[in-house]
Each structure stands twice: as structure tokens, then as C-alpha cells.
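Observations on the three-dimensional arrangement
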Amino acid sequence: KNQVEQSPQSLIILEGKNCTLQCNYTVSPFSNLRWYKQDTGRGPVSLTIMTFSENTKSNGRYTATLDADTKQSSLHITASQLSDSASYICVVKATGGGNKLTFGTGTQLKVEL
Amino acid sequence: NAGVMQNPRHLVRRRGQEARLRCSPMKGHSHVYWYRQLPEEGLKFMVYLQKENIIDESGMPKERFSAEFPKEGPSILRIQQVVRGDSAAYFCASSPLDVAGGKNIQYFGAGTRLSVL
């Protein structure tokens, strides 16, 4: 069964600090992995997308890594801001099967002063 | 270029009524997806449609739920005879034609929050 597990479930950090969110997946055969940011009451917004051959991808202060051998990914947020408070969702797409995505339950990040 | 538009944003129905959720994809996008998000859970795939065709409905409950994406107009997710367990946020996403490597990004709407009394 295709699954995506994320940790931690929630995280509180001080503004300006860095943090790293983890994602493990069992989706197979693997096509690509995406990280989405979902603000409360809004739809998810894409941050990064990586295929098998890409092991790192940056988008501003967000840097995602991928280890396709161990089926792990991380999202590193640098110099956090209050606006980074959101749910960060790891999403994996398998090859074939149309465009169906498997979503993790997300890490709820709160950035405080 | 407007994003994915969903309406209504909030919908309240009594048990046994019908709920109709609408989704207008981004301009130029021909693929539409519907997802359901229960409290404290991740988004769950329901159905994938192209214009006038259902491509994958493996995530749709077998009864009471249906979806369409007509040649003209928005995509509609229809829930008949709603029950309390249908209360959730329903998100629509759209994407353009598939690109090599399957990296086409899905753009999400703000969702419709359905509450069944």
C-alpha cells in the first residue's frame, strides 16, 4: 500500500531559527516527490518537486532533499518567519496510475516571536 | 490569470440533502482532481477528470458521490443524501496537459468546507 509518513506531527520554533521536516514514503514505483505548504483555511501551494535523479531542490528559504534509495525526503526552512506558520505536506506520485498523488498528513509548523 | 476557483467556500446541509461543489480550473488547464480532507488527516484522492471524461475514480465512494467535468462550465462534485460523515473540506486542483516525467504541478483551490447537520 502506498503511504507517506511525516515527522514531527507538529513543531514550534522561534522566528529566525531553522528547522527540518522529515518524510518517509513507500510509494512504488516512484515518479516524483513534492512538498506543499498549506495555510489554515487555504488550499496547498507547491514549494518543490523532485524526480528520482534530483537529490536537492531550493525555493528561496526552502530546501528539499531526496534520498530515493532510503525513500526519505526532508524540507529545511532557513531563517524562519512568522508567515512560515502552516502545514507542510509531503506528496508522492507513482509512475503510471494517472496523476494520482499520495499525501502525507503534514507537519504543523508554528513560528513564534 | 485567476487561480482555481471553488464555490461555495462553506456549505451547510442537513442529513439527506444534496451537496453540489463547483470547481473552475485555471485557464488553459484540462485536468481536474478532487480531494477530501477530514480533520487531522491528509488529503485523500477522490477522482481525476479531463473534459467530459472520468479518468480515475478509484477514490470515490461507490454510492452517493459523483463527479463531472462538462465541455462547458465548471467541474461539479455531487454528494447525494449527505450524512454527517461527509463533513470535510473538499479541495479541487487543476493541472495542464501532462509533461515529461509527470512533473505537472497541481494547483489547488481554497476548498469547500461542507458541514452536515
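Structure shown above.
Residues numbered from 1 in each chain as written. Chains lettered and ligands numbered in written order. Predicted model: local features only at pLDDT ≥ 70, side-chain atom pairs only at ≥ 80, totals over all residues. Heavy atoms only, no water.

Residue Ser28(A) is joined to Pro29(A) through a cis peptide bond whose omega torsion reads -10°. By the secondary structure assignment, Pro29(A) is in the loop between strand 3 (19-25) and strand 4 (30-38). The omega angle of the peptide bond from Asn7(B) to Pro8(B) is -5°, so this bond is cis rather than trans. Mapped onto the elements of the fold, Pro8(B) is located in the loop between strand 1 (5-7) and strand 2 (10-13). For Ala79(A), which is not glycine, the phi torsion reads 50° and is therefore positive. Counting through the fold element by element, Ala79(A) comes out in the loop between strand 8 (72-77) and strand 9 (86-94). Exposure remark for Ala79(A): the relative accessible area of 35% places this residue in the partly exposed category. Positive phi is not limited to glycine here, since Gln81(B) has a value of about 45°. Mapped onto the fold, Gln81(B) is located in the loop between strand 8 (75-79) and strand 9 (88-95). (Helix = DSSP H or I, 4+ residues; strand = E, 2+ residues; numbered from the N terminus. Buried < 20%, exposed > 50% of the residue type's maximum accessible area, 1.4 Å probe, protein only.)

Attention now moves to the pairing of strand 9 of chain B. Residue and element names in this part refer to chain B. Most of strand 9 is tucked away, with 8 of its 8 residues classed as buried. In strand 9, alternate side chains face the same way, and those of Ala-88, Tyr-90, Cys-92 and Ser-94 on one face and Ala-89, Phe-91, Ala-93 and Ser-95 on the other are all buried. Looking at chain direction, strand 4 (residues 31-37) and strand 9 are connected through 7 bridges and run antiparallel. The partner of His-31 across the bridge, within strand 9, is Ser-95. Note that strand 9 and strand 10 (residues 107-108) share 2 bridges and pair antiparallel. Paired with Ser-94 across the strands is Tyr-107, a residue of strand 10. (Pairing = 2+ DSSP bridges.)

Under the counting rule described, the total for this entry stands at 9 aromatic pairs over all chains. Centroid distance Tyr36(A) to Phe103(A): 6.5 Å. Interplanar angle 35°. Geometry classified as tilted. Taken together, the residues span a long stretch of sequence, with Tyr36(A) in strand 4 and Phe103(A) in strand 10 (residues 101-103) at a distance of 67 residues. Here Tyr36(A) matches Phe103(A) in class, with each residue buried. Three or more aromatic residues link up through ring pairs in this structure, and these residues are Tyr36(A), Phe103(A), Tyr35(B), Phe45(B) and Phe108(B). The lysine or arginine in question, Arg61(A), covers the ring of Tyr62(A), its NZ or CZ lying 5.8 Å from the ring centre. (Phe/Tyr/Trp six-rings, centres within 6.5 Å; stacked < 30°, edge-to-face > 60°. Lys NZ or Arg CZ within 6 Å of the ring centre and 35° of its normal.)

Time to look at the interface of chain A and chain B. At the interface, 24 residues of chain A touch 24 residues of chain B. Remark: the boundary between chain A and chain B carries 0 salt bridges. Between the two partners, chain A and chain B, sit 3 residue pairs in polar contact (both at pLDDT 80 or more). Listed by contribution, the elements that provide at least two residues to the side of chain A that touches chain B are strand 4, strand 5 (45-51), strand 9 and strand 10 of chain A. (Contact = heavy atoms within 4.5 Å. Salt bridge = Lys/Arg side-chain N within 4 Å of Asp/Glu carboxyl O. Polar contact = N/O pair within 3.5 Å; in protein donor to acceptor, adjacent residues only side chain to side chain.)

Moving on to the state of the cysteines. All names here are of chain A. By the definition in use, this model includes 2 disulfides over all chains. Between the sulfur atoms of Cys-23 and its disulfide partner Cys-90 the distance amounts to 2.0 Å. Where Cys-23 bonds to Cys-90 through sulfur, the torsion about that S-S bond is close to -70°, and the disulfide is left-handed. Of the two residues, Cys-23 sits in strand 3 while Cys-90 sits in strand 9, which places them 67 residues apart along the sequence. Cys-23 gets classed as buried once you look at its relative accessible area, which sits at 0%. The thiol sulfur of Cys-19 is not disulfide-bonded, and the nearest other cysteine sulfur, from Cys-90, lies at 15 Å. Residue Cys-19 is classed as buried on the basis of its relative accessible area of 6%. (Disulfide = S-S within 2.5 Å.)

Residues and elements named next belong to chain B. Checked against the element boundaries, Gly-28 lands in the loop between strand 3 (19-24) and strand 4. The exposure class of Gly-28 is exposed, given its relative accessible area of 68%. As a C-alpha pair, Gly-28 and Leu-97 span 69 residues in sequence and 8.9 Å in three-dimensional space.

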